[in-house]
Amino acid sequence: MTSKKRYERPVVTKHYSGFMNKIGTSSFSKPMKEIDGVQVTELVEKFGSPLFIISERRIRQNQRNAYRIFKTRYPKVQFAWSYKTNYLNAVCSVFHQENSWAEVVSEFEYDKARALGIKGDNIIFNGPDKNKSALIKAIKEKSKIHIDHFDELYDIIEICDSENLRAKVAIRVNMDVGVYPKWDRFGFNYENGEAWQAIKRIVSNKNLELIGLHTHIGTYMMSTEAYRIAASKLASLARSIKEQFEIIIEYIDLGGGFASHNTLLGQYLPAEETIPSIDQFADAISSGLFELNFRQDELPFLILETGRALVDDTGYLVSTVLANKRLSDGKKALIIDAGVNILFTGFWYKHKITPAQDCGLHTEEAAIFGPLCMNIDVVRESITLPLLKKGDRVVIEYVGAYDMTQWMQFITLRPNVVMIMEDGSVELIRQAETLEYITQRELIPEKLKSKS
Ligand SMILES: Cc1ncc(COP(=O)(O)O)c(C=O)c1O
């Protein structure tokens, strides 16, 4: 018996191949058959689909480039890798090999950095939740504790008194940088004098050493001027600290937040055309730091906790088409095997999605859904793509930041992650999860255990 071929009901669509629109030429670019010289098909055959891929070469390039850009504008620069952006051990290790410290926001992240061999001294401990045991550990290990609120400051004072310890601390400062709504839920406010009050409290305590000032003004920031303002406000605080207490702080930490090359969902033009370059952010920050007016030998280090702008474009997610279908209004829909549980940033970004094999020139607007049996599983409301059939693959770009930390097992498990090494070899850096792994920590009360 001969089996029937797969059939899709024909539809009539206008053909816009190569047609110019007001942004440029046709929205479809060449297929992406390889990543860093490695064939996508080979990767999927070996490691399965969906599959996260990270480029070691790209991470190193990005980090070196950013360091060079800042270092040519300000003499003392230190990067601290923002763990929450991507804390896979292999990824952190590449950043650490590139001389980045660790910037952590929880005890779990702190322990992760220590387990990777980072000395307490090279860990910046941020965040509003630092429990007592974490604080004791961090103080003893001389990490740089960035105090978020007065209750944390009082905890540290108490710990130092009772344990006879001395802590190295900085404060996180929030401020008006002309971008609204203001980010004022973390740290002490600059304009209303709260930050200065915290500073006075710290310098009057013999067990506390004020070593730095920190701010993180927001995320996916498009304004370089906001960074100039932030740098100049922290610089003027540093100057007041010097003038009033004769303390020269070790560093000014401008946090992260530079926009990456991903385009936001509501953004009309592609990010490539709208976001400032790292050079522009660096220009703004270094000009804000002029406010310091310190002697050369007194200049504090400039610390940067850049996350997404360094790692977003190092990550790829390869996914396979599970099915084609038509919605009730005739619109085309694709179902792929990567859902929003592993592509969390799909809620914010219009990722670049490219077929991984040759396809025809005919394109059609389609919605892309993930495999989850949930209405929210929309990878993309609308995208123009060539026609793809079941089994074809797509590459979703710029997924190096926040996806591999905010992902969750939900209906489907988290897939393999590989790193393409600088020498072209491919290493598995996180194994796909299994039922056994997921249920390992579950317990069934005795009376619920089935006897059948
Ligand atoms: C304190 C702090 N530093 C650095 C970062 C990294 O930010 P981004 O990935 O936007 O550069 C964050 C992220 O929210 C943060 O909260």
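Residue indices begin from 1 for each chain and proceed along its sequence in written order. Whole-chain, interface and lining totals are the exception, using all residues; otherwise, since this is a predicted model, local features are given only for residues with pLDDT of at least 70 and side-chain atom pairs are given and counted only at 80 or more.

Novice: Help me understand the overall build of the chain in this model?
Specialist: Numbering of helices and strands runs from the N terminus, with a helix taken as a DSSP run of H or I at least four residues long and a strand as a DSSP run of E at least two residues long. Counting its secondary structure elements, the chain contains 13 helices and 22 strands. Computed over its C-alpha atoms, the radius of gyration of the chain comes to 25 Å, within 12% of the 22 Å expected for a compact globule of 452 residues. Distance between backbone-placed C-beta atoms decides contact: two residues are in contact if it is within 7 Å. Here the contacts in the chain between residues at least 6 apart in sequence split such that 69% fall between residues at least 24 apart. Values of the radius of gyration come from C-alpha atoms, whereas the globule rule sets the reference at 2.2 Å times the count of residues to the power 0.38.

Novice: Teacher, can you tell me more about the site of the ligand here?
Specialist: Whether a residue is near a molecule or strand depends on its C-beta atom, placed from the backbone, lying within 6 Å of it. His216, Gly256, Glu305, Gly307 and Arg308 are the nearest of the 16 residues found near the ligand. Nonpolar residues are Ala, Val, Leu, Ile, Met, Phe, Trp, Tyr, Cys and Pro. Charged residues are Asp, Glu, Lys and Arg, and all others, Gly as well, are polar. Partitioned by chemical class, the residues of the shell around the ligand number three nonpolar, ten polar and three charged.

Novice: Where do I start with the packing of helix H8 (residues 224–245) against helix H10 (residues 278–288) in this structure?
Specialist: Packed helices, taken two at a time, are described by the angle between their axes plus the distance between the axes. Lines are fitted to the C-alpha atoms to define the axes, a helix being fitted only along its stretch in contact, and any angle between axes, read from their N-to-C directions, falls within 0 to 180 degrees. Contact geometry for H8 and H10: axes closest at 7 Å, N-to-C directions at 25°. Of the possible angle classes, the one that applies to H8 and H10 is roughly parallel. Here H8 runs over H10; the crossing is right-handed. Side by side, H8 and H10 meet where Thr224, Glu225, Tyr227, Arg228, Ile229, Ala230, Ala231, Ser232 and Ala235 of the first sit next to Gln280, Phe281, Ala284, Ile285, Ser287 and Gly288 of the second. Each residue belonging to the contact of H8 with H10 can be placed in one class, and the counts come to eight nonpolar, five polar and two charged. Here the angle decides the label: under 35 degrees means roughly parallel, over 145 means roughly antiparallel, 65 to 115 means roughly perpendicular, and every other value means oblique. Put simply, a crossing is left-handed when the front helix is turned counterclockwise from the back one by less than a right angle, and right-handed when it is turned clockwise.

Novice: So what exactly am I meant to see when it comes to the nonpolar core here?
Specialist: Nonpolar side chains in soluble globular proteins tend to be buried together. Working definition: the nonpolar core is a set of buried Ala, Val, Leu, Ile, Met, Phe, Trp, Tyr and Cys residues, joined through C-beta atoms within 7 Å. Counts of 20 or more other C-beta atoms within 10 Å of a residue's own C-beta define buried residues, counts of 12 or fewer define exposed ones, and intermediate counts define partly exposed ones; C-beta atoms are placed from the backbone. Core analysis: the largest hydrophobic core is formed by 117 residues, its most contacted members being Ile53 and Ile156. The element best represented in this core is H8, accounting for nine residues. A domain-level breakdown of this core finds at least three residues from each of domain 1 (34–53 + 313–434) and domain 2 (56–312). Domain extents, as shown, originate in an automatic or database domain assignment.

Novice: Help me out: how do you make sense of unusual backbone geometry in this one?
Specialist: Glycine aside, residues mostly have negative phi, and peptide bonds are mostly found in the trans state. Here the residue pair Ser49 and Pro50 is connected by a cis peptide bond, since its omega of -5° sits within 30 degrees of zero. Within the secondary structure layout, Pro50 lies in the loop between helix H1 (40–47) and strand S3 (51–55). A cis amide bond links Tyr180 with the next residue in sequence, Pro181, at an omega value of 0°. Position of Pro181 relative to the elements: it lies in the loop between strand S8 (167–174) and strand S9 (188–189).

Novice: I keep staring at the packing of helix H2 (residues 56–71) against helix H3 (residues 89–97) and nothing clicks. Help me out?
Specialist: One can describe the packing of H2 onto H3 by two numbers: an axis separation of 10 Å at closest approach and a directional angle of 40°. Between H2 and H3, the interaxial angle falls into the category oblique. In the packing of H2 onto H3, the handedness of the crossing is right-handed. Judged by residue contacts, Glu56, Ile59, Arg60 and Gln63 of H2 engage Val91, Val94 and Phe95 from H3. Residues of the contact of H2 with H3, tallied by class, amount to four nonpolar, one polar and two charged.

Novice: I tried to follow the domain arrangement of the chain on my own but got confused; where do I start?
Specialist: A common way to report how large an interface is uses the accessible area buried once the components associate. The domain architecture assigned to the chain consists of domain 1 (34–53 + 313–434) and domain 2 (56–312). Using only C-alpha atoms to locate each centre, domain 1 and domain 2 end up separated by 33 Å. Each partner contributes residues to the interface: domain 1 has 21 residues there, and domain 2 has 21 residues. Residue assignment for the side of domain 1 that touches domain 2 shows that the elements contributing at least two residues are strand S16 (349–350), helix H12 (403–406), strand S21 (417–420) and strand S22 (426–430). The element contributing the most residues to the side of domain 1 that touches domain 2 is S21, with three residues. Each residue belonging to the side of domain 1 that touches domain 2 can be placed in one class, and the counts come to eleven nonpolar, five polar and five charged.

Novice: What am I meant to see in the pairing of strand S13 (residues 301–304) here?
Specialist: For a regular strand, side-chain orientation follows a simple rule: the groups alternate between the two sheet faces. Bridge analysis of strand S4 (residues 77–82) against S13 gives three bridges, and the strand direction is parallel. Bridge pairing in S13 places Val77 opposite Leu302. Any two strands between which DSSP finds at least two bridges are classified as paired.

Novice: So what exactly am I meant to see when it comes to the pairing of strand S20 (residues 393–397) here?
Specialist: For S20, the buried fraction is high: four of the five residues fall into the buried class. By the bridge criterion, three bridges tie strand S17 (residues 353–355) to S20 in an arrangement that is antiparallel. Within S20, the position partnered with Thr354 by the bridge is Val395.

Novice: Got a minute to help me understand helix H6 (residues 150–163) in this structure?
Specialist: Think of an α-helix as turning once every 3.6 residues; residues three or four places apart then point the same way. Over its 14 residues, H6 extends 20 Å from the first C-alpha to the last, a length consistent with the 20 Å expected when each residue adds 1.5 Å. Among the residues of H6, those classed as buried are Glu152, Leu153, Ile156, Ile159 and Cys160. What you see down the axis of H6 is that its buried residues fit within an arc of 125°, all on one side. In H6, those exposed residues whose orientation departs by more than 90 degrees from the buried face are Asp151, Tyr154, Glu158, Asp161 and Ser162. Each element contacted by the buried residues of H6 is listed here: helix H5 (132–140), strand S7 (144–147), S8, helix H7 (194–203) and strand S10 (208–214). For a helix, the expected span equals 1.5 Å multiplied by the number of residues minus one. Relevant arc is that of directions from the helix axis to the C-beta atoms, nothing else.

Novice: It is not clear to me how the environment of Gln357 should be interpreted in this structure. Could you clarify?
Specialist: Tracing the chain through its elements places Gln357 in the loop between S17 and strand S18 (363–369). The contacts of Gln357, once residues within four sequence positions are left out, are Pro31, Lys33, Asp392 and Arg393.

Novice: Is there a simple way to explain the environment of Thr306 in this structure?
Specialist: With respect to the secondary-structure elements, Thr306 resides in the loop between S13 and helix H11 (308–311). Considered as a pair, Thr306 and Phe290 are 16 residues apart in the sequence and their alpha carbons are 21 Å apart. In this structure Thr306 touches Ala66, Phe79, Gly256 and Phe258, once residues within four positions along its chain are discounted.

Novice: Looking at this structure, how should I read the environment of Tyr316?
Specialist: The residue Tyr316 is located in strand S14 (residues 315–326) in this model. You can call Tyr316 buried: it has 27 C-beta atoms within 10 Å. Between the C-alpha atom of Tyr316 and that of Tyr398, which follows or precedes it by 82 residues, the distance is 6.1 Å. Those residues within four positions of Tyr316 in sequence are excluded, and the remaining contacts are Ile35, Ile53, Val395, Ile396, Glu397 and Val399.

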